[in-house]
Amino acid sequence: MANQTNTEIHQIGSPKEFDEYINLPTIINKLLLVHIELEQIPVCKTLNEALLPITRDPEFMQQLVICRLNADHFYDLLNAHNVNAAPTILFFHRTKVIDRVDGFNQSDVLKKIKFHINTIGVVQSTEIKSEHDSPSIQVENKIKQLLDSSSIILFMKGTPASPQCGFSRQACHLLDEHKIKYDYFDVLADQNVREQLKKYSNWTTYPQLYVGGELIGGLDIMKQMIENGDFELKLKQQKSNDQEKDTNKHLESLINQAPLMLFIKGTAEAPRCGFTKELLALLAKANITNYKTFDILQDDNVRQKLKDYSSWQTYPQVYVNGQFIGGLDILKQMNEEGILAQTLTEKQGVAV
């Protein structure tokens, strides 16, 4: 029915197969990401390549499933969920669509995965719970996970589409009126979270709004901060923090593309500066050939941000298993001391 290999996302060929698939016992209780694609569009292939590592991430692999649907074969599904372009990712849980991401936005996909895994109560397989943990500690951990999963989250009674109290309704209206995007958690759906959050925040009423994991307050404080401009400043600060986090995650994903990673000017076949040429020659002489390179001349954002990330202002830069080793001078010194191969191979576990 559905094809699955170690190198591909599930691909499903027909609406009938999809209906059977989402009702499988092994699928129905998990968070299911459905990538609506057109194979002739390059960005769809790029998105599949970006999604594949997520399925192997220990944080998600037991709670998350991803599949692919060719848009040409699923007209009724696309029409039912107003899908007008590829790529689009629909988030399913218990056969129902609960969210979506339009276009290629890997950061938004990861954010929503973390949020929904926490919200729908899927237990993290990597979460180690001691038999001595009290229920209150476990609930507090869930609260922390919810706060970590979203930059702006409103703990409310009901949902934005169906608020269950006047204060929650006003809070949603206020945020929507000022075009503030936010996630939410219905405290009526989880009595434990509802009671524990009051203690966690030292705030006894709902709704409660958090920005960057920090309590802003209830409806009255939201109104006051929005009116005097403090909320806009808070959002700008949080946006800057989110951008920095996203940048660091992107850099870390590049750094961890291979056990031995070189950030250079040009490519291994066509180096664009003398220092890069010298580095490549040094590695070749040491019989170190199993590495990947990234051309920083092709991405000025990476070129500038990586300097801050590593606190090293020049290129090339060498990373082993995600750890910054140094530039050309450091590697030349290691070579003179006879520890270059050991540092880049045996010691760090990089095969050559």
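Criteria and thresholds
Each chain carries its own residue numbering, running from 1 in the direction its sequence is written. Local features in this predicted model are restricted to residues whose pLDDT is 70 or higher, and side-chain atom pairs enter the listing and the counts only when it is 80 or higher, whereas totals over whole chains, interfaces and linings include all residues. Computation of side-chain values covers all heavy atoms of the structure but excludes hydrogens and water. By definition here, a salt bridge exists when the distance from a side-chain nitrogen of Lys or Arg to a carboxyl oxygen of Asp or Glu is within 4 Å. Strands are runs of DSSP state E lasting at least two residues, helices are runs of H or I lasting at least four, and both sets are numbered from the N terminus onward. Only protein chains enter the accessibility calculation, which uses a 1.4 Å probe; a residue whose area is less than 20% of its type maximum is buried, one above 50% is exposed, and one in between is partly exposed. This arc is built from the directions going out from the helix axis to the C-beta atoms. By the criterion applied in these results, polar contacts are pairs of N or O atoms within 3.5 Å in which, for protein atoms, one can donate a hydrogen and the other can accept it, and in which residues neighboring in sequence qualify only through two side-chain atoms. Angles shown run from 0 to 180 degrees and are taken between the N-to-C directions of axes, each axis being a line fitted to C-alpha atoms and, for helices, limited to the stretch in contact. Any angle that is under 35 degrees is reported as roughly parallel, and any over 145 degrees as roughly antiparallel; angles of 65 to 115 degrees are reported as roughly perpendicular and all others as oblique. Throughout, a crossing is termed right-handed when the near helix is turned clockwise from the far one, and left-handed when it is turned anticlockwise from it by less than a right angle. Should any heavy atoms of two residues lie within 4.5 Å, those residues are considered in contact. Residue polarity follows a fixed list, in which Ala, Val, Leu, Ile, Met, Phe, Trp, Tyr, Cys and Pro are nonpolar, Asp, Glu, Lys and Arg are charged, and the others, Gly among them, are polar. For our purposes a nonpolar core is just a set of buried Ala, Val, Leu, Ile, Met, Phe, Trp, Tyr and Cys residues, chained together by side-chain atoms within 4.5 Å. Boundaries of every domain are those given by an automatic assignment or by a domain database. At least two DSSP bridges between two strands are required for those strands to pair.

Where an unreviewed UniProt entry is consulted, the chain appears under the name Glutaredoxin domain-containing protein, with the organism given as Adineta steineri.

Scanning the model with the defined rule gives nine salt bridges in all. A salt bridge links aspartate 102 to arginine 100, with the nearest nitrogen and oxygen atoms 3.1 Å apart. Residue lysine 142 pairs with aspartate 190 through a salt bridge whose shortest N-O separation is 3.0 Å. Within this pair, whereas lysine 142 is found in helix 6 (residues 135-149), its partner aspartate 190 is found in the loop between strand 8 (183-186) and helix 8 (191-201), the two being separated by 48 residues in sequence.

Turning to helix 12 (residues 300-310), its buried residues are Val302, Leu306, Lys307 and Ser310. All buried residues of helix 12 lie within an arc of 135° about the axis, which places them on one face of the element. The N-capping residue of helix 12, defined by a side-chain oxygen 3.1 Å from the backbone nitrogen of asparagine 301, is aspartate 299. Looking one or two residues beyond helix 12, the residue adopting positive phi is serine 311, at roughly 55°.

Now for the packing of helix 11 (residues 274-285) against helix 13 (residues 328-336). In a packed pair of helices, the relevant descriptors are the angle between the two axes and the axis-to-axis distance. Interhelical geometry of helix 11 versus helix 13 gives an angle of 30° and a closest axis separation of 10 Å. By the angle between their axes, helix 11 is roughly parallel relative to helix 13. Two packed elements cross with a definite hand, and for helix 11 against helix 13 that hand is left-handed. Residue-level inspection shows Phe275, Glu278, Leu279, Leu282 and Leu283 of helix 11 in contact with helix 13, the latter providing Leu328, Leu331, Lys332 and Asn335. Looking at side-chain class alone, the contact of helix 11 with helix 13 contains six nonpolar, one polar and two charged residues.

Okay, the nonpolar core next. Among the nonpolar cores identified, the biggest contains 21 residues, and Phe18, Tyr21, Leu32, Val34, Ile36 and Leu69 are the most heavily contacted of them. Contacts of valine 34, omitting those with residues within four sequence positions, involve Phe18, Cys67, Leu69, Thr88, Ile89, Leu90 and Phe92.

A few words on the domain arrangement of the chain. Its domain assignment divides the chain into domain 1 (10-128), domain 2 (135-233) and domain 3 (257-347). Taking only C-alpha atoms into account, the centre of domain 1 sits 37 Å from that of domain 3.

All right, on to the sheet that holds strand 11 (residues 260-264) then. The strand order across the open sheet formed by four strands is 12-11-13-14, and the pairing between neighbours is mixed. Unpaired on one side and paired on the other, strand 12 (292-295) and strand 14 (323-326) mark the two borders of the sheet. Put simply, the sheet's adjacent strands are angled 25° from each other on average, direction ignored. Where strand 11 and strand 13 (residues 317-320) come together, four bridges link them in antiparallel fashion.

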